[in-house]
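# Architecture and fold: a report
These are the residues of each chain, in order.
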Amino acid sequence: MDLSGIAAAAKAPPVPPGASFVVEVDEANFETVMQGSMQYPIVVELYSPRANAQALSDDLIALANAAAGAYLLARVNVDAAGGIAQAFGVQAVPTVIGVVGGQLAPLFQGTRSKPEVEAMIAQLLQVAAQSGLNGRANPVAGGAGEADIADPRFEAADAALERGDFAAAVVEYDKILAQTPNDAEAKAGRAQVALLARSAGGDPAAVLGTADADPTDVNPQFAAADLEVLAGRPEAAGSTDVRV
């Protein structure tokens with residue numbers, strides 16, 4: 001396996017004390033973190049404490065910090081941010097996905113050995129280099145990205161969200177996607193606000209009661225699953241294993 005894609009990491013400056021190249025991601029900072037993929041690769045780890053995969057998490061963190069900015073590791077706890085998992089189409093955790101220039105590159109699902117993970121990430125870095133993506137991630141401190149920059153394209157959608165107008169936010173995301181159909185940030189944002197729009201305005205107890213009354217009726221089941229995800233209980237929206 002050619003690991004030349006991460007050779008430049010050895011020439012990078014040392015990581016400042018208290019900083020790393022790992023950031024925890026939730027709905028609040030998801031879009032701004034993902035915007036960094038236009039400058040450097042991002043490896044997204046979708047995990048759950050229930051999944052019993054801490055060894056994989058430790059390996060991913062160690063590899064990201066050793067790479068010293070060749071890429072950024074973005075960690076998503078699907079129990080707390082189920083909307084992001086839904087936006088990525090994740091069915092089970094752990095799942096690891098690469099993002100290069102706004103494009104998704106699935107890496108693997110389940111656990112892998114550290115050498116296997118390192119080889120897969122090396123391939124992702126090679127793809128990024130071949131695409132001309134040569135930027136480096138800045139170290140982050142305190143679990144928040146210091147170099148996150150607000151994208152003005154999302155201002156109208158953000159304003160609609162702030163006033164609780166989810167339908168208008170969907171329209172604003174559709175405008176962005178009409179210009180850039182493969183924009184990963186816009187796709188993820190639209191999926192989140194569409195989920196909110198479907199679930200807004202209803203009585204949660206009534207929605208769940210309707211779903212329980214007739215398990216064969218598909219629409220109430222989807223509505224109930226939306227509510228479970230929004231409530232931070234993605235496990236209740238699935239039926240087997242560690243499903244999201």
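Each remark here, short or long, concerns the structure printed above.
This one's a predicted model, so the numbers in the text were calculated from it and none came from an experiment.

Our focus in this paragraph is unusual backbone geometry. That bond from Val93 to Pro94 is cis: its omega, 5°, falls within 30 degrees of zero. Even without a glycine there, the phi angle at Asn52 is positive, about 60°. Within the secondary structure, Asn52 sits in the loop between strand S3 (42-47) and helix H2 (54-67). Exposure remark for Asn52: the relative accessible area of 75% places this residue in the exposed category. The phi torsion at Ala68 lies on the positive side, around 55°, for a residue other than glycine. Following the sequence through the fold, Ala68 ends up in the loop between H2 and strand S4 (72-77).

Glancing now at the environment of Gly69. On the secondary structure map, Gly69 appears in the loop between H2 and S4. Overall, Gly69 belongs to the buried group, its relative accessible area being 0%. Residues Gly69 and Pro139, 70 residues apart in the sequence, show an inter-C-alpha distance of 6.9 Å. Not counting chain neighbours up to four residues away, the residues in contact with Gly69 comprise Phe21, Ala64, Arg136 and Ala137.

Let us now look at the packing of aromatic side chains. Using the criterion set out here, one finds two aromatic pairs in the structure. Ring geometry for Phe30 against Phe88: centres 5.8 Å apart, planes inclined by 90°, an arrangement best described as edge-to-face. Of this pair, Phe30 sits in helix H1 (residues 30-35) while Phe88 sits in helix H3 (residues 82-88), placing them 58 residues apart in sequence. Its relative accessible area of 13% is what places Phe88 among the buried residues. Judged by centre distance (5.9 Å) and plane angle (45°), the rings of Phe154 and Tyr173 are tilted. Residue Phe154 is located in the loop between strand S7 (140-141) and helix H5 (155-162), and its partner Tyr173 is located in helix H6 (residues 166-179); the two are separated by 19 residues in the primary sequence. If you follow Arg75 out to its NZ or CZ, it ends over the ring of Tyr47, 4.0 Å from the centre.

Definitions and limits used
Residues numbered from 1 in each chain as written. Predicted model: local features only at pLDDT ≥ 70, side-chain atom pairs only at ≥ 80, totals over all residues. Heavy atoms only, no water. Helix = DSSP H or I, 4+ residues; strand = E, 2+ residues; numbered from the N terminus. Buried < 20%, exposed > 50% of the residue type's maximum accessible area, 1.4 Å probe, protein only. Contact = heavy atoms within 4.5 Å. Phe/Tyr/Trp six-rings, centres within 6.5 Å; stacked < 30°, edge-to-face > 60°. Lys NZ or Arg CZ within 6 Å of the ring centre and 35° of its normal.

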